[in-house]
Amino acid sequence: MAYQFLTFDVADRIATITVNRPDKLNALNDATIAELGVAIDEAIARDDVAGVILTGAGRSFVAGADISELASQSPLEAQRRARAGQAIFRRFETSPKPTIAAINGFALGGGCELAMACHLRVANDKAKLGQPEAKLGIVPGYGGTQRLPRLIGRGAALKLLLTGDMIDAAEAYRLGLVDQVTTPEALIDTTRALLTSMIANAPLALAGCIEAVDRGLGVTIEEGCTIESDFFGLLSATADMKEGMRAFLEKRAPMFHGR
C-alpha cells in the first residue's frame, strides 16, 4: 500500500520500515502509529520478507509521541490511545519474523517504547534514549513501564522513568537497553548484517524461538520449559528440521523453505 508517514522497502528478504516525518523528528501521531500496524502486518504476510528493520528518517529514530495530539486528550481518549498503540507495538514484539530497531538518533518516549518492542536494538553512537513522560505529568503509554524493567531491571528502569533523563548509546548498551552500538555511517549495514545472519536460519525455528521466549517470560520456569519442549517436538516434524540435520551431516549449507 501507499504510506503517508512511512516508507516501506524490501531488498534481500529484508523489509526496511522508516518512520518518515523528519520535520517533526518522526514524532508518533495517531496516523503514523496506525501505519506502523499496517506495515508490520504487510511484512509478516509477505513471502519475500524474512526479517524487518525499523528506523527513522533524518536525525531521529522517533523523538516521542506527537504532543500536539496528547495535550488536549481526555482521560478516556488517553486510555484508548495507549491501548491502540500498545496493540500495534505488540505486533512488532510477537512477529514470527525477527524485528530489529536501527536507532539513528533520538529514541525518546514513544520512540524508546517502539524500539523496545522490537526483538533487538542497534544504535549509532550519537543516539539518545529515554522515557521523559514524568516531565510532562504522565506515564509512558505504549509499554515503557513494562518492557524497560524486563530489559534492564527494576532499579535501573525506575531511575530512568522517575528522572526522565536521557542516556547516550554507550550507557544504553551498558544497561542492556541496546544490543549493539556502531557509527552513524555503519548503522544500517551493521543492522542488515545482523539480521541477515538470523534469516539464514530456518524460519519456523526463528518463529519458535521468538514465541517460546515471549510466552516463557510470563510464566514459571517449569511452564516455560514445557513450552520449549512442545516447540522442540513440533519442529522435529518439519522438512526444515530434516534438511538442517542432513546438511549438517553432509557438511553443506542448508536450504530452508519454512516447511
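Our structure's up above, just so we're on the same page.
A brief structural summary. (Residues numbered from 1 in each chain as written. Predicted model: local features only at pLDDT ≥ 70, side-chain atom pairs only at ≥ 80, totals over all residues. Heavy atoms only, no water.)

1. Brief notes about the pairing of strand E5 (residues 99–103)
It is a general feature of regular strands that their side chains alternate between the two faces of the sheet.
Step number 1: The buried count for E5 comes to 5 of 5 residues, which makes it a mostly enclosed element.
Step number 2: The alternating pattern of E5 places Thr99, Ala101 and Ile103 on one face and Ile100 and Ala102 on the opposite face, and all of these are buried.
Step number 3: By the bridge criterion, 3 bridges tie strand E3 (residues 51–56) to E5 in an arrangement that is parallel. Within E5, the position partnered with valine 52 by the bridge is threonine 99.
Step number 4: Note: E5 against strand E7 (residues 120–124), 4 bridges, orientation parallel. Note on E7: the bridge partner recorded for alanine 101 is arginine 121. (Buried < 20%, exposed > 50% of the residue type's maximum accessible area, 1.4 Å probe, protein only. Helix = DSSP H or I, 4+ residues; strand = E, 2+ residues; numbered from the N terminus. Pairing = 2+ DSSP bridges.)

2. Regarding the nonpolar core
Step number 1: Within the largest apolar cluster, 44 residues are counted, with the highest numbers of intra-cluster contacts made by Ile17, Leu36, Leu54, Ile103, Leu129 and Leu177.
Step number 2: Apart from the residues lying within four places of it in its own chain, the contact partners of leucine 129 are Ile103, Ala107, Leu108, Cys112, Asp165, Met166, Ile167, Ala172, Leu177 and Val178.
Step number 3: Formed by 10 residues, the second largest nonpolar core is a distinct cluster that contains Ile14, Ile100, Val122 and Ile199. (Core = buried A, V, L, I, M, F, W, Y, C linked by side-chain atoms within 4.5 Å. Contact = heavy atoms within 4.5 Å.)

3. Some thoughts on the sheet that holds E7
Step number 1: Ordered in space as E1-E2-E3-E5-E7-E10, the 6 strands form an open sheet in which the pairing is mixed. Only two strands of the sheet have a single neighbouring strand rather than two, namely strand E1 (6–11) and strand E10 (180–182). Across the sheet, the mean angle from the axis of one strand to that of its neighbour is 20 degrees, orientation sign disregarded.
Step number 2: Here helix H1 (residues 30–45) sits on the sheet in contact with E1, strand E2 (14–19), E3 and E5, set at roughly 15 degrees to E1. (Axes fitted to C-alpha atoms, helices over the stretch in contact; angles between N-to-C directions.)

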